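# Residue-level structural notes
This is what each chain is made of:
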Amino acid sequence: MKIGLVGDYNEQVTAHRAIPVALDLAAGDLSISPEIHWINSEEIPQFHLGSFSGLWCIPASPYKNMENVLRLINFARIEDVPFLGTCGGYQHAALEFARNALGFAHAENCEVNPDAEMPLISALSCKLIEVRDHIQLDENSRVANIYDNSETSEEYRCAFGVNRDYLNIFEGSEMSFTGFDSEGDPRVLEIRNNRFFIGTAFQPERTALRNQSHPIVRAFLEAAINA
């Protein structure tokens, strides 16, 4: 069982230090021992992605090679490989779907292209740097089922997110936004028809820094077991 961590590892990034611990805690809950492989965005084409039981697109974007990351997300979505995207991974999951499933080829990430014609990923009006915030979950969503609750409070470190002005393009599609903050901004996405495809604007891995296993990380590994 192999889990790929997709992004550009930096030991100075708190989330990058937390993710292996989060996986270890969740794996302990499930009595499994997955292999963990860091996949630098520039090296993605060198990996046989079909050999991974799960792919986690990690925080700290912009990535060195965004197009490679989008191609990997597309692979996970089309081939039904369990996928988790947190923070930057969540943003790029939405971007990949908008471009490749919905046909909005000009959808862009403003962090990379500030003059984007369609700024699907744009700067947050209020940066979420080292803060905790409340999130309301759709009662019938997969993520609410994972939490066994329709609300949660989670930790963030992000300055960009999915622009809610474009949420209408996802209506009626396979991708749903199923978690929102108190201001109505999207914070969770999922594809229900896939084995596991969830993105969160927050960083669930941070609970590992308090030696707490997170239900989303555990559910991701559960899906990977059966991949």
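Note that the structure is predicted; figures quoted are calculated from it, not measured.

### Details of the overall build of the protein
The number of helices and strands found in the protein is five helices and 10 strands. Taking 227 residues into account, the globule formula puts the C-alpha radius of gyration at 17 Å, and the protein, at 16 Å, falls close to it. Expressed along its principal axes, the backbone C-alpha trace of the protein runs to roughly 45 × 40 × 35 Å. Among the 227 residues that make up the protein, the fraction classed as buried is 56%. Partitioning the contacts of the protein with sequence separation of at least 6, the portion at a separation of at least 24 is 69%. When the accessible surface of the protein is totalled, it reaches about 9800 Å², and 41% of it is carbon and sulfur. Of the charged side chains in the protein, 17 are positive and 32 negative; the average position of the first set lies 3 Å away from that of the second.

### Overview of a nonpolar patch on the surface
A contiguous nonpolar patch, built from Tyr9, Ile36 and Trp38 and spanning about 270 Å² of accessible area, is present on the exposed surface. Note that Tyr9 resides in the loop between strand E1 (2-7) and helix H1 (14-30).

### Section: the state of the cysteines
Disulfides are covalent bonds that link the sulfur atoms of two cysteine residues. All chains considered together, the criterion is met by zero disulfides. The structure places no disulfide on Cys158, whose sulfur is separated from the nearest cysteine sulfur, that of Cys87, by 4.8 Å.

### Topic: helix H3 (residues 88-100)
Between its first and last C-alpha, H3 extends 18 Å over 13 residues, near the 18 Å set by a 1.5 Å rise per residue. Within the span of H3, buried status applies to Gly88, Gly89, Tyr90, Gln91, His92, Ala93, Ala94, Leu95, Glu96, Phe97, Ala98 and Arg99.

### Quick look at the pairing of strand E2 (residues 35-40)
Bridge analysis of E1 against E2 gives six bridges, and the strand direction is parallel. Bridge pairing in E2 places Gly4 opposite His37. The parallel pair E1 and E2 is bridged by H1, and the resulting crossover is right-handed.

### A few points about the packing of aromatic side chains
Overall, the coordinates contain eight aromatic pairs when judged by the stated rule. Considering the side-chain rings of Phe47 and Phe52, the 6.3 Å spacing of their centres and the 45° angle between planes classify their relative orientation as tilted. Its relative accessible area of 27% is what places Phe47 among the partly exposed residues. On the basis of relative accessibility, which here comes to 5%, the residue Phe52 falls in the buried class. A ring pair is formed by Phe170 and Phe177, whose centres lie 5.0 Å apart and whose planes are at 75°; its orientation type is edge-to-face. The pair formed by Phe170 and Phe177 is uniform in burial state, with each residue classed as buried. Here the aromatic residues Trp56, Phe196 and Phe220 are joined through ring pairs into a cluster of three or more. The positively charged end of Lys2 is found above the aromatic ring belonging to Phe52, 4.6 Å away from the centroid.

### Structural notes on unusual backbone geometry
Along the chain, Ser61 connects to Pro62 via a cis peptide bond; the corresponding omega equals 10°. Position of Pro62 among the secondary structure elements: in the loop between strand E3 (54-57) and helix H2 (66-79). For Asp148, which is not glycine, the phi torsion reads 55° and is therefore positive. Here Asp148 is to be found in the loop between helix H4 (142-147) and strand E7 (151-162). Despite not being glycine, Asn211 shows a phi value in the positive range, around 65°. When you line up the elements, Asn211 lands in the loop between strand E10 (197-200) and helix H5 (215-225).

Each value, and the rule that gives it
- Residue numbers here run from 1 along each chain, matching the order of that chain's written sequence.
- Local features in a predicted model are, by the rule used here, given only for residues with pLDDT of at least 70; side-chain atom pairs are given and counted only at 80 or more, and totals for whole chains, interfaces and linings are based on all residues.
- Only heavy atoms go into the side-chain values, all of them from the structure, while hydrogens and water stay out.
- Runs of H or I in DSSP of at least four residues are treated as helices and runs of E of at least two as strands, each being numbered from the N terminus.
- For this measure, only C-alpha atoms enter the radius of gyration; the expected value for a globule follows 2.2 Å times N^0.38, where N is the number of residues.
- Buried means the residue's accessible area, taken with a 1.4 Å probe over protein chains only, is under 20% of the maximum for its type, while exposed means over 50%, and partly exposed covers the values in between.
- In this description, contact between two residues means that some pair of their heavy atoms is separated by no more than 4.5 Å.
- We get accessible surface area from the Shrake-Rupley algorithm with a probe of 1.4 Å; when it comes to residues, only the shown protein chains can shield them.
- Positive charge is attributed to Lys and Arg, negative charge to Asp and Glu, and no charge count is given to His or to the chain ends.
- A single reference atom marks each charge: NZ on Lys, CZ on Arg, CG on Asp, CD on Glu.
- Patches draw on residues past 30% relative accessible area with no salt bridge. Two like charges within 9 Å are joined, as are two nonpolar side chains (Val, Leu, Ile, Met, Phe, Trp, Tyr) within 5 Å.
- For salt bridges, the criterion is a side-chain nitrogen of Lys or Arg within 4 Å of an Asp or Glu carboxyl oxygen.
- Counting rule for disulfides: a pair of cysteine sulfur atoms within 2.5 Å.
- Every helix has an expected span of 1.5 Å times one less than the residues it contains.
- Two strands qualify as a pair provided that DSSP identifies no fewer than 2 bridges between them.
- Viewed with both strands pointing away, a crossover whose connecting path from the first strand over the helix to the second turns clockwise is right-handed.
- Pairing of aromatic rings covers Phe, Tyr and Trp, the last through its six-membered ring, and needs centres within 6.5 Å; plane angles under 30 degrees mean stacked, over 60 mean edge-to-face, and all others mean tilted.
- Counted as over-ring charges are cases with an Arg CZ or a Lys NZ within 6 Å of the ring centre that also lie within 35 degrees of the ring normal.

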